[in-house]
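Remarks on the overall topology
Listed here are the chains, written in short residue letters.
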Amino acid sequence: TTGAPTPPGTAASGGTTTAAATPAATSTVSPASVASAASPFGSGTPVPLPATPTTDLPAGSVRLAIDPSQSTASYHAREQLASFSFPTDAIGKTNSVSGSIALDPSGKVVPNISKIAVDLTTLKSDKAMRDHYIQVNTLDTATYPNAVFVPTSVQGLTMPLPTSGQGTFKLLGNLTVHGVTKPVTWDVTATFGAQTVTGAATTTVTFEDFGMSPPKVGPVLSVQDNLTLTLDFVAARQSF
């Protein structure tokens, strides 16, 4: 169930429509402190990945390490409730995001260092009942606690990576949710700094893509199959 109705095109009370983050020019986050990510499979508990040495990266490479204290992953779904004549928005969020992306001097993704994970067991919306149902019946987080994105390529991003200004680009890769891996493309808007890169990445998936059914229980008459996923990020920048 949801709280007060939200007309189409606006955000529910449990969250706000995501937008590019404000640059954190004074951030001193160490990339090594946020170098771990969660395993896409396991017994229900996120498992840290071992830190990957970066000393072998060639000169001109850059590594962006997600700062969990300033980054948020969220889903945005349209649902129809029995008590309202118009659709409302269900939004769930978590700050349990970790990982990093490394690019070589030509802009190619360095695969053994690049991975981003989200702990789905910590997703929260404005209703605990909704959260419980989604985790138990939809995501099955007891078996599949994490969503993991492994980037494979970047389109529209020039190297060397800018140290100022804004830009847009696409990030392609494989997303694993509910034990199913599918290729996805994220649209990214970023603000570049000498120490950090901040911004928002957005993609659209369906429940069916990952072997799940849209929630339908009690006052929830239906949920659209399309889901918008967003990562509002602050990443510490490490150059080589």
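Summary of the structure given here.

Criteria and cut-off values
- Residues numbered from 1 in each chain as written.
- Predicted model: local features only at pLDDT ≥ 70, side-chain atom pairs only at ≥ 80, totals over all residues.
- Heavy atoms only, no water.
- Helix = DSSP H or I, 4+ residues; strand = E, 2+ residues; numbered from the N terminus.
- Buried < 20%, exposed > 50% of the residue type's maximum accessible area, 1.4 Å probe, protein only.
- Contact = heavy atoms within 4.5 Å.
- Phe/Tyr/Trp six-rings, centres within 6.5 Å; stacked < 30°, edge-to-face > 60°.

A separate point is unusual backbone geometry. Following M159, the chain continues to P160 via a peptide bond in cis, the omega torsion being 0 degrees. If you trace the backbone, P160 turns up in the loop between β6 (146-155) and β7 (166-177). One non-glycine residue, D140, lies in positive phi territory at about 50 degrees. With respect to the element layout, D140 can be found in the loop between α1 (128-138) and β6.

Time to look at the environment of L103. Relative to the elements of secondary structure, L103 occurs in strand β4 (residues 97-103). Judged by relative accessible area, L103 falls into the buried class, the value being 4%. Note: C-alpha distance between L103 and S239 (136 residues apart in sequence) is 9.9 Å. Dropping the residues within four chain positions of it, L103 is found in contact with S61, V62, K108, V109, V110, V154, L157 and M159.

Here the focus is the environment of P68. Mapped onto the fold, P68 is located in the loop between β1 (62-66) and β2 (72-81). Accessibility expressed as a relative area gives 26% for P68, which makes it partly exposed. Each C-alpha atom, one on P68 and one on S98, is 5.9 Å from the other, the two residues being 30 residues apart in sequence.

Attention now moves to the packing of aromatic side chains. Two aromatic rings, taken as a pair, are described by how far apart their centres are and by the angle between their planes. Taken as a whole and judged by the stated rule, the model has one aromatic pair. A centroid spacing of 5.8 Å and a plane angle of 70 degrees characterise the contact between F149 and W186, whose relative ring orientation is edge-to-face. In this pair, F149 sits in strand β6 while W186 sits in strand β8 (residues 180-192), placing the two residues 37 residues apart along the sequence. Using a relative accessible area of 5% as the deciding quantity, one classes F149 as buried. Judged by relative accessible area, W186 falls into the buried class, the value being 9%.

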